[in-house]
Amino acid sequence: MTDTVALERLRVTASTCTLCPLAGGRTQVVFGVGNPTADLLFVGEGPGREEDLAGEPFVGRSGKLLDRLMAEEIGLTRAECYIANVVKCRPPNNRDPAPREIESCRPYLEQQIALIAPAVIVTLGNFATKLLLESSQGIRELRGQTFERGAATLVPTYHPAYVLRAGGEAMAEMRADLVRAKRLITAARRTQAERAPQAERAPQAGHP
Ligand code: URA
């Protein structure tokens, strides 16, 4: 089974999930969207009202900003990367996801990361950053740095909803974080390209 097929199976499994109370209030599970073999994975917090109705992450005002910054600073569309959230169902009244809800949903996110195998993960805001770095530090302390996270490099940045409110300096810092992500993607692609011809030349097992 290819990872793309496994990811689709995971999406189907998640679509009927009842592991936490958020299942009771959702219109639909918002699993994630994009290229299942993307080099870049964005991880947000959880769906809002518009995402719950559309079944797709980041379709509201925050999403419009994310799309714009990803195009301007990385040169990618949402179809070329992958976008997921910490929790896949909408918390009521746009409240923060509760620890139990985050833990229930965590295996879906971890499996998405394992199957997509991105070179770079950009975490958007406190919830995704703290979860994936297992850190109690906030995004203000963590952004501006990069972290090894399994086979990927993690770039923490602000949540676009915060940047919409804060503007100015926060916007400039988020742009700088995305440029950092772009450089890491370019470096990872170069390494992959250098390794590929070697792999083709390598002798096949059992055929000396
Ligand atoms: N905010 C998020 O964190 N995720 C979404 O999908 C939408 C808004």
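Throughout this document, residue positions are counted from 1 along each chain, in the order its sequence is written. Local features in a predicted model are, by the rule used here, given only for residues with pLDDT of at least 70; side-chain atom pairs are given and counted only at 80 or more, and totals for whole chains, interfaces and linings are based on all residues.

Chemist: I keep staring at the nonpolar core and nothing clicks. Help me out?
Modeler: One broad trend across soluble globular proteins is that nonpolar side chains are buried collectively. What makes a nonpolar core is a set of buried Ala, Val, Leu, Ile, Met, Phe, Trp, Tyr and Cys residues, with links drawn between C-beta atoms within 7 Å. In this scheme every C-beta is placed from the backbone, and a residue whose C-beta has 20 or more other C-beta atoms within 10 Å is buried, one with 12 or fewer is exposed, and one in between is partly exposed. One finds Leu41, Val43 and Val120 to be the most contacted residues of the largest nonpolar core, which totals 50 residues. The helix count covers DSSP runs of H or I at least four residues long, the strand count covers runs of E at least two residues long, and both are numbered beginning at the N terminus. Broken down by element, the residue count for this core peaks at six residues, all from helix H4 (residues 99-116). Apart from residues no more than four positions distant in its own chain, Leu41 is found in contact with Cys81, Tyr82, Ala84, Ile113, Ile116, Pro118 and Ile121. The contact criterion used is a C-beta to C-beta distance within 7 Å, with each C-beta placed from the backbone.

Chemist: Where do I start with the sheet that holds strand E5 (residues 147-149) in this structure?
Modeler: What holds strands together in a sheet is hydrogen bonding between their backbones, with the strands either parallel or antiparallel. Whether two strands pair comes down to DSSP finding at least two bridges between them. Here six strands make up an open sheet; going across it, the order is E1-E3-E2-E4-E6-E5 and the pairing mixed. A strand with exactly one partner marks an edge of an open sheet, and here the two such strands are strand E1 (33-34) and E5. The sheet contact formed by strand E2 (residues 40-44) and strand E3 (residues 82-85) spans four bridges and is parallel. Following the sheet pairing, Gly44 is matched in E3 by Asn85. Lying over the sheet, helix H5 (residues 126-133) contacts E2, strand E4 (120-124), E5 and strand E6 (152-157), oriented at roughly 130° with respect to E4. All axes are obtained by fitting lines to C-alpha atoms, using only the stretch in contact for helices, and the reported angles, taken between N-to-C directions, cover 0 to 180 degrees.

Chemist: What am I meant to see in the site of the ligand here?
Modeler: A residue counts as near a molecule or strand when its C-beta atom, positioned from the backbone, falls within 6 Å of it. Near the ligand, the surroundings consist of Gly44, Glu45, Gly46, Pro47, Gly48, Glu51, Pro57, Phe58, Ser62 and Asn85. Within the shell around the ligand, the residues separate by chemical class into three nonpolar, five polar and two charged. Classification used: nonpolar for Ala, Val, Leu, Ile, Met, Phe, Trp, Tyr, Cys and Pro, charged for Asp, Glu, Lys and Arg, polar for all others including Gly.

Chemist: What's the story with the pairing of E2 in this structure? I'm lost.
Modeler: Of all five residues that make up E2, five are buried, and the element is covered over most of its length. In E2, alternate side chains face the same way, and those of Leu40, Phe42 and Gly44 on one face and Leu41 and Val43 on the other are all buried. Sheet topology note: the E2/E4 ladder contains four bridges and is parallel. Residue pairing for E4: Phe42 is matched across the bridge by Val122.

Chemist: What exactly am I supposed to notice about unusual backbone geometry here?
Modeler: In most cases, non-glycine residues show a negative phi, while peptide bonds are predominantly trans. Phi at Phe58 takes a positive value of approximately 50°, unusual for a residue other than glycine. Along the polypeptide, Phe58 turns up in the loop between helix H2 (49-54) and helix H3 (61-74). Take Phe58: there are 28 C-beta atoms within 10 Å of it, and that puts it in the buried class.

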